Amino acid sequence: MAKVSVIIPFYNASKHIVQCIQSIQSQTYKDFEVLFIDDCSTDNSSVLLQQTWEEQNNNILARFYKTEKNSGPGVARNLGLAQASGEYILFIDIDDSMDKEMLELLITKAETHNLDITECQAIKIEAGENEEEHELLSNPSFAGKNVSDKRRRKLLTTYTAYIWTLLFKKEFLKKYNIQFPAQRYSEDNAFIGCCLLTVSRFGHVKRPLYYYRVDKESLLNKKNKDKYNEKRRSFDHILNFANKNGLYTNYEKELEFSYLKKGYLRPLLDYLKENDAPQSEQILDMEDHLYELFPTIDKNPYLEKNLNVRFAFNLIHLAPGIVTSGTQVLKDLKKLLSGNK
């Protein structure tokens, strides 16, 4: 049985397959298995992936699975979780790659300090037509390992969904039955939110060990008018989990503020971006849903302290017609929320 299970969902895998596989097989830490989960690709991705793996292979165990139907990365990752034999779980994407020391540094940190979750930093690579732009991705970090009540509140209101920077102890995930919602978007946000509500030991390796690749050209051609609804539903998953585990009351204000950002403002930006003719009525419906869940959201203490989020929220509330009027307003809202994932 391997110490670590690396789970990789894919659908119509991209041109970076070879780079991803080479980064896996060059790991300095060797006690791991790889689970490739094909989410019912419509091209020859699965065959190409297996051929590439065999050509590059250096005796690392790989297993290949396929979902029953194309359902998105949430279902694919859950299938990987069900089949994983390792004591620790790492999720990566087929388009990306890892530093050769990623597994070694994460597992060493996790075992040395008995951590439920171990995190590293990442480099975001945006590949445009003529150049690449790089950005350091990192969550808030803390000096200690024990997650105090104060630290948990900070994490719940500031975290970002960099699922591939996190090494999870499988025993911790099983204890709380933490799984991904069956969604195509923001399923990682829901998964991490549930983890942060329950994690006891959380540590950091302050070094970028993962390379997250974004193809600007392909993103411009991909629109999904339902993406905003998926993001809303992902946070409903977190609220249901909090209620089920008796955690909602204690962290109501943190969940409320996080929902405002991730379940309302961010989905609203997606709605404006993905729809050619956004309607103010739809924005009002989204706001009504927010107030149904949180009738006193206006008085949230985190909202009162965060000027950018408060300004964006008030603008949308007072003038929903304005935010549908053009690209400049969308750019302004994005700028306001750029530091509030």
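These notes cover the structure that comes with them. (Residues numbered from 1 in each chain as written. Predicted model: local features only at pLDDT ≥ 70, side-chain atom pairs only at ≥ 80, totals over all residues. Heavy atoms only, no water.)

**A word on the overall build of the chain**
Scanning the chain from terminus to terminus reveals 14 helices and nine strands. Counted over contacts in the chain with a minimum sequence separation of 6, partners at least 24 positions apart contribute 80%. Accessible surface, the chain: about 15700 Å² in total, of which carbon and sulfur atoms supply 47%. (Helix = DSSP H or I, 4+ residues; strand = E, 2+ residues; numbered from the N terminus. Contact = heavy atoms within 4.5 Å. Areas by Shrake-Rupley, 256 points an atom, 1.4 Å probe, with all protein chains shown as cover.)

**A look at the packing of helix α3 (residues 73-83) against helix α7 (residues 187-198)**
Across the interface, α3 lies against α7 with an axial gap of 9 Å and an inter-helix angle of 50 degrees. Considering the angle they form, α3 stands oblique to α7. Judged by residue contacts, Pro73, Gly74, Arg77 and Leu81 of α3 engage Glu187, Asp188 and Phe191 from α7. (Axes fitted to C-alpha atoms, helices over the stretch in contact; angles between N-to-C directions. Parallel < 35°, antiparallel > 145°, perpendicular 65-115°, else oblique.)

**What about the packing of aromatic side chains?**
Going through the model one piece at a time under the given rule, you end up with 16 aromatic pairs. With a centroid separation of 5.0 Å and an interplanar angle of 5 degrees, the aromatic rings of tryptophan 164 and tyrosine 210 are classed as stacked. Note that tryptophan 164 is positioned in the loop between α5 (149-158) and β8 (166-169) and tyrosine 210 in strand β9 (residues 202-215), a separation of 46 residues in sequence. Assigned by exposure class, tryptophan 164 and tyrosine 210 land together as buried. What links up through ring pairs into an aromatic cluster is the set Phe91, Phe168, Phe180 and Phe191. The residue whose ring lies beneath lysine 262 is tyrosine 159, and the NZ or CZ to ring-centre distance is 4.3 Å. (Phe/Tyr/Trp six-rings, centres within 6.5 Å; stacked < 30°, edge-to-face > 60°. Buried < 20%, exposed > 50% of the residue type's maximum accessible area, 1.4 Å probe, protein only. Lys NZ or Arg CZ within 6 Å of the ring centre and 35° of its normal.)

**Focus: the nonpolar core**
Most often, soluble globular proteins keep nonpolar side chains buried together rather than apart. The biggest cluster of nonpolar side chains holds 92 residues, and the ones touching the most others in it are Phe168, Phe191 and Leu260. No other element matches the nine residues that helix α10 (residues 252-274) contributes to this core. (Core = buried A, V, L, I, M, F, W, Y, C linked by side-chain atoms within 4.5 Å.)

**A closer look at unusual backbone geometry**
Trans is the common state for peptide bonds, and a negative phi is the common state for residues other than glycine. A positive phi is found at asparagine 114, a non-glycine position, where the angle reads about 55 degrees. Positionally, asparagine 114 belongs in the loop between α4 (102-113) and β6 (117-127). Judged by relative accessible area, asparagine 114 falls into the partly exposed class, the value being 47%.

**Focus: α10**
Compared with the 33 Å implied by 1.5 Å per residue over 23 residues, the 31 Å span of α10 between its first and last C-alpha is a close match. The sharpest bend along α10 comes to roughly 35 degrees, located at tyrosine 259. Counting buried residues in α10 gives 20 out of 23 residues, a clear majority hidden from the surface. (Expected span 1.5 Å × (residues − 1). Bend = angle between axes of the 7 residues up to and from the residue.)

**Overview of the side chain of aspartate 116**
Position of aspartate 116 among the secondary structure elements: in the loop between α4 and β6. Despite its burial, aspartate 116 pairs with no opposite charge; the closest candidate is lysine 169, at 4.4 Å N-O. A polar contact is formed between the side chain of aspartate 116 and the backbone nitrogen of serine 200, at a distance of 3.1 Å. In this view, aspartate 116 contacts Leu167, Phe168, Lys169, Phe172, Val199, Ser200 and Arg201; residues no more than four positions away in its chain are not counted. (Lys, Arg positive; Asp, Glu negative; His and termini not counted. Salt bridge = Lys/Arg side-chain N within 4 Å of Asp/Glu carboxyl O. Polar contact = N/O pair within 3.5 Å; in protein donor to acceptor, adjacent residues only side chain to side chain.)

**With respect to the side chain of lysine 124**
Mapped onto the elements of the fold, lysine 124 is located in strand β6. Among the polar contacts made by the side chain of lysine 124, one reaches the side chain of glutamate 126 at a distance of 3.0 Å. Those residues in contact with lysine 124 that lie beyond four places of it in its chain are Glu133, His134, Glu135, Leu137, Tyr212 and Val214.

**Some words on the pairing of β9**
Of the strand pairs in this sheet, strand β5 (residues 97-98) and β9 are connected by two bridges, and their pairing is antiparallel. Bridge pairing in β9 links serine 97 to tyrosine 211. (Pairing = 2+ DSSP bridges.)

**Digging into the state of the cysteines**
Under the criterion given, the structure shown has zero disulfides. Take cysteine 194: it sits in no disulfide, and the sulfur closest to it among the cysteines is that of cysteine 195, at 7.0 Å. Residue cysteine 194 is classed as buried on the basis of its relative accessible area, which comes to 1%. (Disulfide = S-S within 2.5 Å.)

**A closer look at the pattern of salt bridges**
Considering all chains together, one arrives at eleven salt bridges under this definition. Lysine 124 is the partner of glutamate 126 in a salt bridge, and the nearest nitrogen-oxygen pair spans 3.0 Å. For arginine 153, the salt bridge goes to aspartate 149, with nearest N and O atoms at 2.8 Å. Separated by four residues within a single helix, arginine 153 and aspartate 149 lie in helix α5, roughly one turn from each other. Within this structure, Lys3, Glu87 and Glu111 form a network of salt bridges that share partners.

**Some remarks on the packing of helix α9 (residues 227-244) against helix α11 (residues 280-293)**
The contact between α9 and α11 brings their axes to 13 Å, and the two run at 0 degrees. Taken as axis vectors, α9 and α11 run roughly parallel relative to one another. Here Tyr228, Arg232, Asp236 and Leu239 of α9 come into contact with α11, specifically with Gln282, Met286, His289 and Leu293. Split into classes, the residues belonging to the contact of α9 with α11 amount to four nonpolar, two polar and two charged. (Nonpolar A, V, L, I, M, F, W, Y, C, P; charged D, E, K, R; others polar.)

**Regarding the environment of phenylalanine 172**
With respect to the helices, strands and loops of the structure, phenylalanine 172 is situated in helix α6 (residues 170-175). Linking phenylalanine 172 and serine 200, residues 28 residues apart in sequence, is a C-alpha distance of 9.1 Å. Among residues more than four places away in sequence, those in contact with phenylalanine 172 are Asp116, Ile117, Ile178, Cys195, Thr198 and Val199.

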